[in-house]
Amino acid sequence: MRNRIITTWQRELNARRGSGGSIRQPLHQIEVVELQHRRSRALDPHVHRHLWLSVKVLGEDGKWSNVDSRVAMRLHTLINAEGDVAARTDPDWIAALARHGYTIGVDGEVPQVAHAVPALSRRSSQIEANRATLLAEWRDDHPGQEPSRDIQKQIDRQAWAKERPGKPKGLEEDAWEQTVRDELAAIDPWLLAERASVAVRAVDVENIDLDLLAARAIVDADDRSAGSGGRVSLFDLRAGATRAVAASGVVAHRQALQATIDAVVSRSLAHTVDLLDGAVDRPQHIKGYMTTRTAALKVELARRFGSLNIAGAALSPEAMRLVSESELPTGVVIESGQAEAAGAIAGTDRLVTITGPAGTGKTTMLRVAHAALTLQRRRLIVVAPTRKAASVAGREIGAPASSVHALLADHGWRWGRDAAGAETWTRLIPGDIDPTTGAPYPGSTRYPVNHDDRIVIDEAGMLDLHTANALAALALETGAGLAMVGDHLQAMPVGHSGAMATMARRSGSVVELSAVHRFRDQEYAALTLRLREPGSMDAALAVAAELDDRGVIHRVDDNSGARDLMAEAYFRWAGRHRRVALVTATNEEADAVNDAIQQRRLDLGQLRLNRVAVGRGEQRLLEGDVVQTRRNDRAADVDNRAVWAIRRIRPGSIDLVSLTDSADIRRISTDYAASHVHLAYASTVHGIQGETTDASIVGPGVDASGLYVGMTRGRAHNEAIAIARTRDAAVAAIAESMTRSPIEASIEDSRAAAMTELRLAARFVDSGAPFVSAGFTTPQSGRTPSLS
């Protein structure tokens with residue numbers, strides 16, 4: 001795998017030359033440092049190696065310069081795929097496993113040892129939490145200082161040894177190995193037993209269904225394209241094909257599989273739309289293709305919204321103000337934008353889009369619209385991408401509410417995955433056998449929709465294309481009107497985005513709210529509007545500079561420093577009995593922060609180990625912990641992504657209490673907790689979307705929606721963390737986050753984005769044009785790149 005990764009770097013990467021870096025320069029030499037480890041940083045068993053590629057590369061023109069970073073970053077998906085194919089198909093590796101009684105399962109895991117992974121992972125999480133706590137204590141004792149490398153090593157060793165029975169003194173090699181064996185024996189004594197050899201089972205390469213693998217490659221690439229509007233590159237298709245072959249059950253040396261991978265790539269291209277109209281001079285990292293499934297979804301959604309766009313008339317703002325006087329509490333007055341939006345929803349346009357940044361009073365506006373519709377004997381039906389958001393909206397507005405999927409399921413839609421893993425949607429008609437129940441489908445019983453009803457989609461920016469298509473079909477069928485309310489620049493859907501923007505372009509009535517009511521600081525409120533949509537990199541840099549001038553950008557050296565800062569922020573705000581949102585770029589970062597906070601609360605005596613429950617991923621849950629439920633459960637009345645505190649752990653059950661209402665108590669089973677509950681001191685943007693807290697801290701590496709949502713959660717205070725050593729670098733990092741992941745609602749948007757990428761890419765210009773195949777690109781210069 002190491003050799004394949006290095007040769008892939010040699011072949012695929014390039015330097016840039018010429019004005020604006022427009023010339024693609026093949027590489028003559030790269031430099032790679034390899035570091036082999038037997039243990040993790042936390043000193044647990046983890047045999048692995050690091051490959052460090054120097055940013056400085058030697059071009060074939062004899063000049064040293066930086067590697068083309070755009071190509072290097074997008075090559076990662078192919079590098080990771082090479083890891084999959086090595087781990088799952090290498091004959092020497094598979095044979096070695098078989099001699100000792102081990103096999104590779106269909107999921108790529110070794111089933112004979114998979115049951116030990118959660119226990120070992122829990123131990124690793126505990127060590128990381130210990131390390132964060134010890135580091136925070138050291139900094140408390142040494143204000144204004146950073147630990148040296150020797151101090152950090154001491155902290156690592158203490159974190160590993162803390163609470164570990166039979167810990168070796170000084171961590172001598174033999175003692176360390178014996179401790180590891182003892183821990184494995186405690187998990188399962190059979191892990192250390194001799195196993196009889198097993199036969200190697202493999203699929204013959206000649207019997208592979210290439211068309212099925214091509215379909216899987218397309219699904220793999222498409223699933224990873226949500227952040228690029230559904231666009232994929234040849235790198236993405238090659239990575240998908242490589243992963244599909246890896247999972248096919250074949251066992252063969254890597255070179256013997258290349259022809260098969262190339263054939264899968266060739267077939268997968270037949271399932272794409274070329275956004276660059278057959279341009280031949282395109283580097284393979286350019287995302288210039290779109291799967292036919294995604295392209296068809298975008299076209300079909302636009303067509304359905306076009307059919308729904310029947311003009312009507314909005315109710316006047318004056319009428320809405322009259323309604324608000326009897327509907328809203330004394331002293332609460334809707335401003336002109338809210339009145340206009342409420343009138344549009346209560347009017348007769350079939351399609352209405354209400355957009356607005358965070359804190360513009362969309363919920364207050366919907367209360368007025370609901371009252372106006374009720375006076376007309378029309379119903380307002382509130383749905384949202386999550387049951388949590390729907391429950392909150394329905395409770396505050398006073399209207400029937402459900403998740404979008406619950407509404408669609410009630411009207412016969414079912415969704416799943418086909419043999420290739422692609423998402424599929426089907427529709428039952430009354431009398432059909434429901435595959436989920438085995439009984440005849442009776443038709444809609446829970447959420448009837450009538451002509452002239454108004455279906456309001458709250459948090460509509462999180463609506464994906466598949467779901468939006470089904471919802472548009474329901475509106476066409478029933479004669480109901482649709483109103484999307486939200487912000488397409490906040491958290492994106494899990495699937496493909498663009499549904500809200502597509503509807504906005506075809507709505508008979510579009511209202512944009514602009515008056516921000518959430519923040520006490522009105523200057524900051526105005527700044528968030530510019531943060532939401534800066535328009536250009538220069539504008540983003542200006543916003544980031546203003547944020548830094550306000551003292552809300554914090555610089556740290558690395559991710560570990562960011563975690564420490566977020567943990568410290570939790571204790572600072574919690575000590576004042578205030579809620580703080582900690583927003584991370586990934587679930588892994590959230591887990592690290594969560595574990596660190598929990599351990600420090602234990603050390604401070606805020607939590608105790610007298611009653612313990614197990615959460616998702618073997619997380620330790622304690623009474624007093626802040627947790628999130630991750631699956632709707634009608635019996636327990638808990639919603640996906642709802643946040644709670646653990647009030648009491650009982651045998652077989654756990655009592656949860658709402659963070660905002662001490663009288664709101666739920667009881668869940670410990671089985672539910674083990675699968676669907678995790679710590680929630682910190683979360684990604686999807687976990688915090690729709691929440692309002694006293695303060696918010698946004699970690700590094702988030703995209704534009706993560707930064708905007710995170711920096712608009714706190715009523716009183718919002719901060720962002722940048723990994724940077726200088727002010728200019730921090731400002732640039734925050735500005736780069738602001739401009740990441742623009743919306744591509746239509747095929748035309750995606751085509752324009754692909755053309756922009758192509759214009760910015762470096763190209764080969766000499767006579768030694770690159771040889772291009774479905775497998776890879778390599779310079780035809782007569783020289784082989786060398787490796788230092």
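Residues numbered from 1 in each chain as written. Predicted model: local features only at pLDDT ≥ 70, side-chain atom pairs only at ≥ 80, totals over all residues. Heavy atoms only, no water.

Q: Please explain the overall build of the chain as it appears in this structure.
A: If you tally the helices and strands in the chain, you get 27 helices and 33 strands. Dimensions of the chain, computed from the C-alpha atoms along their principal axes, are close to 80 × 65 × 60 Å. Here the chain holds 788 residues, and 51% of them are scored as buried. Partitioning the contacts of the chain with sequence separation of at least 6, the portion at a separation of at least 24 is 68%. Surface exposure of the chain reaches about 35500 Å², of which carbon and sulfur atoms provide 51%. Charge centroids of the chain, computed over 95 positive and 99 negative side chains, lie 1 Å from each other. (Helix = DSSP H or I, 4+ residues; strand = E, 2+ residues; numbered from the N terminus. Buried < 20%, exposed > 50% of the residue type's maximum accessible area, 1.4 Å probe, protein only. Contact = heavy atoms within 4.5 Å. Areas by Shrake-Rupley, 256 points an atom, 1.4 Å probe, with all protein chains shown as cover. Lys, Arg positive; Asp, Glu negative; His and termini not counted. Charge placed at Lys NZ, Arg CZ, Asp CG, Glu CD.)

Q: How should the pattern of salt bridges be read in this particular structure?
A: Close approach of charged atoms lets side chains of opposite charge pair. All chains considered together, the criterion is met by 44 salt bridges. Where Arg-74 meets Glu-757, a salt bridge forms, and the shortest distance between an N and an O atom there is 2.7 Å. Of this pair, Arg-74 sits in helix H2 (residues 69-74) while Glu-757 sits in helix H27 (residues 747-760), placing them 683 residues apart in sequence. On the accessibility criterion, Arg-74 (27% relative accessible area) is partly exposed. (Salt bridge = Lys/Arg side-chain N within 4 Å of Asp/Glu carboxyl O.)

Q: It is not clear to me how the packing of aromatic side chains should be interpreted in this structure. Could you clarify?
A: One pair of aromatic rings is described through two measures. These are the centre distance and the angle between the planes. Using the criterion set out here, one finds 3 aromatic pairs in the structure. Their ring planes at 35° and their centres at 4.9 Å tell us that Trp-415 and Trp-425 sit as a pair that is tilted. Here Trp-415, found in strand E14 (residues 413-417), pairs with Trp-425, found in strand E15 (residues 423-427); they are 10 residues apart in sequence, far enough to count as distant. Taking the relative accessible area as the measure of exposure, Trp-415 reaches 38% and is therefore partly exposed. (Phe/Tyr/Trp six-rings, centres within 6.5 Å; stacked < 30°, edge-to-face > 60°.)

Q: Before we go on, may I ask you to explain helix H9 (residues 234-246) in this structure?
A: Since there are 3.6 residues in each turn of an α-helix, residues three or four apart along the chain are aligned in direction. End to end, H9 covers 18 Å across 13 residues, agreeing with the expected 18 Å (1.5 Å per residue, within 8%). Most of H9 sits out of view: 13 of its 13 residues are buried. Of the residues that open H9, the one with a side-chain oxygen 3.2 Å from the backbone nitrogen of Phe-235 is Ser-233. (Expected span 1.5 Å × (residues − 1). Polar contact = N/O pair within 3.5 Å; in protein donor to acceptor, adjacent residues only side chain to side chain.)

Q: Help me understand the side chain of Glu-459, please; the structure alone is not making it clear to me.
A: Along the chain, Glu-459 falls in the loop between strand E16 (454-458) and helix H17 (465-478). Not counting residues up to four positions away in its chain, the partners in contact with Glu-459 are Pro-385, Ala-389, Val-485, Gln-689 and Gly-690.

Q: Help me understand the environment of Arg-520 in this model?
A: Position of Arg-520 relative to the elements: it lies in the loop between strand E18 (509-512) and helix H19 (522-532). For Arg-520, a relative accessible area of 65% translates into the label exposed. Measuring from C-alpha to C-alpha, the distance between Arg-520 and Asp-694 comes to 11 Å, with 174 residues separating the pair along the chain. When neighbours within four sequence positions are excluded, Arg-520 is seen to be in contact with Arg-715 and Ala-716.

Q: Would you mind going over the nonpolar core with me for this structure?
A: Burial of nonpolar side chains together is a common tendency in soluble globular proteins. Ranked by internal contacts, the top residues of the largest apolar core, which has 40 residues, are Leu-582, Ile-597, Leu-621, Val-627, Ile-654 and Ile-668. With 7 residues, helix H21 (residues 559-574) is the largest single contributor of residues to this core. One finds Trp-425, Leu-471, Ala-473 and Met-503 within the second-largest nonpolar core, a separate group that totals 32 residues. (Core = buried A, V, L, I, M, F, W, Y, C linked by side-chain atoms within 4.5 Å.)

Q: Explain the sheet that holds strand E10 (residues 289-291) to me, please; I cannot follow it from the model alone.
A: Taken in spatial order, the 3 strands make up an open sheet running E8-E10-E9, and their pairing is antiparallel. The open sheet terminates on both sides in strands that have one partner only, identified here as strand E8 (231-232) and strand E9 (272-274). Note: E9 against E10, 3 bridges, orientation antiparallel. Looking at E10, one finds that Asp-274 is bridged to Tyr-289. (Pairing = 2+ DSSP bridges.)

Q: Sorry, what's going on with the side chain of Asn-640 here?
A: In this fold, Asn-640 is placed in the loop between strand E23 (626-629) and strand E24 (642-650). The class for Asn-640 is buried, based on a relative accessible area of 17%. Side-chain polar atoms of Asn-640 contact the side chain of Arg-630, separated by 3.2 Å. Setting aside residues no more than four positions away along its own chain, Asn-640 makes contact with Lys-388, Thr-629, Arg-630, Arg-631 and Asn-632.

Q: Before we go on, may I ask you to explain the sheet that holds strand E12 (residues 380-384) in this structure?
A: Within a sheet, adjacent strands bond to each other through the backbone by hydrogen bonds, running parallel or antiparallel. Strand order in the open sheet made by the 6 strands is E13-E12-E16-E17-E11-E18, with parallel pairing throughout. Strands with a single pairing partner mark the edges of an open sheet, and in this sheet they are strand E13 (401-403) and E18. Put simply, the sheet's adjacent strands are angled 20° from each other on average, direction ignored. Bridge count between E12 and E16: 4 bridges; the pairing is parallel. For Ile-381, the partnering residue across the bridge sits in E16 and is Ile-455. In the packing of helix H14 (residues 362-375) onto the sheet, the strands contacted are strand E11 (351-355), E12, E16 and strand E17 (481-486), and the crossing angle to E17 comes to about 160°. (Axes fitted to C-alpha atoms, helices over the stretch in contact; angles between N-to-C directions.)

Q: Can you walk me through the packing of H19 against helix H20 (residues 537-549) in this structure?
A: Each pair of packed helices can be summarised by the angle the axes make with each other and by the distance between the axes. The N-to-C vectors of H19 and H20 enclose an angle of 150°; their axes lie 10 Å apart at closest approach. In this structure, the crossing between H19 and H20 has a hand that is left-handed. Contact residues: H19 offers Tyr-524, Leu-527, Arg-530 and Leu-531, while H20 offers Ala-542, Val-543, Glu-546 and Leu-547. Within the contact of H19 with H20, the residues separate by chemical class into 6 nonpolar, no polar and 2 charged. (Left-handed = near helix turned anticlockwise from the far one by under 90°. Nonpolar A, V, L, I, M, F, W, Y, C, P; charged D, E, K, R; others polar.)

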